[in-house]
Amino acid sequence: MPDLLIELFSEEIPARMQSKAADDLRARLTEALVAAGLTYAGAAAFSTPRRLALTVQGLSGQSPTTREERKGPRVDAPEQAIEGFLRGAGLTRDQLEIRDEKKGQVYFATITKPGRPAAEIVAGELDKIIRNFPWPKSMRWGAGSLRWVRPLHSILCILTDEAGEVTVVDLDVDGIRAGNTTEGHRFMGAGRFAVSSFDDYRAKLRRAHVILEAEERAAHIWQEASNQAFASGLELVEDRGLLAEVAGLVEWPVVLMGRIDVAFLGLPPEVLQTSMKEHQKFFSVKNPKTGRIERFVTVANVETADQGATILAGNQKVLAARLSDAKFFWENDLRTVQAEGLEGMGAGLAHVTFHNKLGSQADRIARIAALAREIAPHVGADADLAEQAAKVAKADLQSAMVGEFPELQGLMGRYYAQAAGLPAEVAAACQEHYSPLGPGDAVPSAPVSVAVALADKIDTLTGFWAIDEKPTGSKDPYALRRAALGVIRLVLGNGVRFNLRSTIGKHVNEWLDKEQNGIAQKTSHWDQIINEQNLLFFLHDRLKVHLKDEGIRHDVIDACLAMPGNDDLTLLVHRARALSDFLKTDDGENLLQGFKRANNILTQAEEKDGVEYSYGADVKFAETAEEKALFAALETAEPAIASALKAEDFARAMGAMAALRAPIDAFFTAVQVNAESQVIRRNRLNLLSSIRHICLQAADLGRIEG
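Residues numbered from 1 in each chain as written. Predicted model: local features only at pLDDT ≥ 70, side-chain atom pairs only at ≥ 80, totals over all residues. Heavy atoms only, no water.

Quick notes on the overall build of the protein
Counting its regular elements, the protein contains 24 helices and 18 strands. In terms of C-alpha radius of gyration, the protein reaches 36 Å, well past the compact-globule figure of 27 Å for 706 residues. In terms of its C-alpha atoms, the protein occupies a principal-axis envelope of roughly 100 × 100 × 55 Å. Within the span of the protein, comprising 706 residues, buried residues form 48% of the whole. Contacts in the protein between residues far apart in sequence, at least 24 positions, make up 68% of those at least 6 positions apart. (Helix = DSSP H or I, 4+ residues; strand = E, 2+ residues; numbered from the N terminus. Rg over C-alpha atoms; globule rule 2.2 N^0.38 Å. Buried < 20%, exposed > 50% of the residue type's maximum accessible area, 1.4 Å probe, protein only. Contact = heavy atoms within 4.5 Å.)

Written out as structure tokens, the structure is:
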């Protein structure tokens, strides 16, 4: 069984496209080979800046011969139907078989497709894949019609059998004929060379200064950069995204460390790091004692006689120009803050539109400030500080630094707030109010930061709900799902207790009543209620997704959502966690079945009798010991459960409910509810009503599946 080796050699492939392109090549070709009837033992794909490579091991030598039987029309069918069947089968009439069936004689065709050599299948499928490759962007060059991400220079495509014999696949794509040769490094290679197998290919590439595996290039860069930093008493700043990108820029990584001019060391370290990463693809090296970024690491793609000195000198010259710009932005922003304060820096936000139906950024900031003040007592924050922080939190959007590096928004706000002499809590909120931005982002815990962050996200949600710009399907242009998850994580992460329904309603009413923000017509009171309710449903839906990772089922959350106070997310989740834990026990599972049995019997009886059995169960009508024991258990459990629920101790409430499991089981085993005596029957149905009433105090168990 031969091994297949393919290489598509071109000009430089953008680093961000390489990994997916290699995966696409592997997936598309292996799927096509299997669809054509070939089998294989394993496949692996590789990428470098100038090549995509694929090795398929243990490929079958040819596809099997297949036979397919097709049923055709009846023998006496119209001639056109028979001719159409013959064309589809690719046969003549004398090759058909006539068989007797219930409705008469019918034509059958047996179509035999002989197997094809692997080389023929590979040539045909690879040709189609190259011509239709899913590059995000592609180009044509010269006079050809082929489109590729960058000009494609050569195709290596060989099959190597177990004896080591090499077969070049006969393939020509737009004048590029497949062969058994490739070339190494653009500058340090020694021209084209032939290969006979994947192992030979990889080894010869390394001798030609090309490391085929992207993971190996990345590991080499990280290790060498870390060693150089450590040797200087410094520390490499980790950036896995940049590492992957740089590994896609070089085939033979040469790591060089340079110095940052002392004139720029006073810049915030994040500014240095962002500028070097975005503009130069440099790694930052910091002094662990001071936290300052003092050096940089660049990765060259060539070894030089002067050990990279010329490369470093050129890089340092370009870097100085870039950092000069950053220094100018930083110093200019500081002058603005010192002269006008942070609110003065953000004054221009009055002329920046947030949304044409929701007003300017300044309008939004005013709403957030009012809401932050209202939320502050619920999170233990000073209301004045929360309002002050909200008013300046987005001022850095008008800074020159954030204009150049948008990813520094918030962080620069913290620096500018500190420069303006604002309280530490306000400065922290400037940075933290955007968080959490995603599932892996940290949740702020400082009270002022929590107040402003919640206000920011709730205003976003209520605003877009009010103008009917809700997420639909996979579309969420305003990141409202992320905002909802942010509210949930802020509330749960900090144990915040407040009623979202009333907070949302009050916030909507306050700014709609002012007829501001470009909304020409007020929303009616009823529409507001509907919007608030829909928004609360949306938050609950996001909560289900969030709690799924904890192993809490959707039906458990639904059972808790049916209870009062479901807009207090902290209370809701405490109840859901306790119920989830309870249902995982034998007592919980059996009590659930007992509740469902009681509820089903009671519901059927109430429908049949046309009355509600909810009062009047009396122990004096109990006839059996099991019946009397259940009366006693319910009498003991009810106050215990009520007390626990009042204290919001749901675990204790579930524990009190667990005590009902045995007497309920015993009751249903020994007692017939529908007794002949109507007095006894009514009493027992009212007893079942007591079970239902007590169990439903903790959660709506009727919504639990199973």
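So, next bit.
Brief notes about the confidence of the model for the protein
In this model, the protein carries a mean pLDDT of 91, and residues with pLDDT of at least 70 account for 96%. Here residues 515-523 is a poorly scored stretch, pLDDT under 50, and it has 21 contacts once near neighbours within four places are set aside; other chains count. (pLDDT = per-residue confidence, 0-100.)

Quick notes on the side chain of serine 63
Here serine 63 is to be found in the loop between β3 (51-57) and β4 (66-74). A distance of 2.8 Å separates the side chain of serine 63 from the backbone nitrogen of arginine 116, its partner in a polar contact. Residues within four places of serine 63 in sequence aside, it is in contact with Ala36, Gly37, Leu38, Gly115, Arg116 and Ile121. (Polar contact = N/O pair within 3.5 Å; in protein donor to acceptor, adjacent residues only side chain to side chain.)

Comments concerning helix α22 (residues 650-658)
All of the buried residues in α22 are Phe650, Ala653, Met654, Ala656, Met657 and Ala658. Of the surrounding secondary structure, the elements contacted by the buried residues of α22 are α19 (569-583), α20 (586-609), α21 (625-646), α23 (661-670) and α24 (678-696).

Considerations on unusual backbone geometry
The amide bond that connects serine 435 to the next residue, proline 436, takes the cis arrangement and shows omega of -5°. On the secondary structure map, proline 436 appears in the loop between α13 (424-432) and α14 (447-466). The residue glutamine 307 is not glycine, and still its phi comes out positive at about 55°. Relative to the elements of secondary structure, glutamine 307 occurs in the loop between β16 (293-300) and α8 (309-345). Located in the positive-phi region is aspartate 468, a residue other than glycine, with phi close to 60°. Inspection of the secondary structure assignment puts aspartate 468 in the loop between α14 and α15 (480-494). Classification of aspartate 468 as exposed rests on a relative accessible area of 55%.

A closer look at the environment of leucine 543
Looking at the secondary structure, you find leucine 543 in helix α17 (residues 525-548). The class of leucine 543 is buried, set by a relative accessible area of 0%. Sequence separation between leucine 543 and leucine 319 is 224 residues; the distance between their C-alpha atoms is 46 Å. Sequence-distant contacts of leucine 543, defined by excluding residues within four places in its chain, comprise Ile488, Leu492, Leu569, Leu572 and Val573.

As for the packing of aromatic side chains
This model, assessed by the stated rule, comprises 13 aromatic pairs. Taking 6.4 Å as the distance between ring centres and 40° as the angle between the ring planes, the aromatic pair formed by phenylalanine 198 and tyrosine 201 counts as tilted. With phenylalanine 198 and tyrosine 201 both in helix α4 (residues 198-207) and 3 residues apart, this pair spans about one turn of that helix. Here phenylalanine 198 and tyrosine 201 have matching classes, each one buried. (Phe/Tyr/Trp six-rings, centres within 6.5 Å; stacked < 30°, edge-to-face > 60°.)

Observations regarding the pairing of β3
A large share of β3 lies buried, amounting to 6 of its 7 residues. Both strand β1 (residues 3-10) and β3 contribute to a ladder of 6 bridges, which runs antiparallel. Counterpart to leucine 4 in the pairing with β3 is valine 56. Pairing analysis gives 7 bridges linking strand β2 (residues 42-48) to β3, with the strands arranged antiparallel. The residue of β3 that forms the bridge with alanine 45 is leucine 54. (Pairing = 2+ DSSP bridges.)

Concerning the sheet that holds β4
Strand order in the open sheet formed by 3 strands is β4-β6-β5, and the pairing between neighbours is antiparallel. Across the chains shown, the open sheet's two edge strands, defined by having one partner strand only, are β4 and β5 (97-101). Geometrically, the sheet is characterised by an average inter-axis angle of 35° between neighbouring strands, direction not taken into account. Bridging between β5 and strand β6 (residues 104-113) involves 5 bridges; their strand directions are antiparallel. The residue bridging glutamate 97 from the neighbouring strand is phenylalanine 108, located in β6. Running at roughly 170° to β4, helix α2 (residues 79-89) makes contact with β4 and β6 of the sheet. (Axes fitted to C-alpha atoms, helices over the stretch in contact; angles between N-to-C directions.)

Remarks on the sheet that holds β16
One open sheet accounts for 4 strands, arranged β13-β15-β16-β14; its pairing is antiparallel. Two strands bound the open sheet, and with one partner strand each, they are β13 (235-236) and β14 (254-259). Pairing of β14 with β16 involves 6 bridges; the strand directions are antiparallel. Paired with glycine 258 across the two strands is phenylalanine 296, which belongs to β16.

Quick word on the pairing of β1
A large share of β1 lies buried, amounting to 7 of its 8 residues. Inspection of the sheet shows β1 paired to strand β7 (residues 152-160) by 8 bridges, in the antiparallel sense. Bridge pairing links phenylalanine 9 to serine 154 in β7.

Thoughts on the packing of α15 against α19
Between α15 and α19, the least distance of the axes is 9 Å, while the angle of their chain directions is 70°. Judged on the interaxial angle alone, α19 and α15 are roughly perpendicular. Two secondary-structure elements touch here, α15 through Ile488, Val491 and Leu492 and α19 through Leu569, Thr570 and Val573. (Parallel < 35°, antiparallel > 145°, perpendicular 65-115°, else oblique.)

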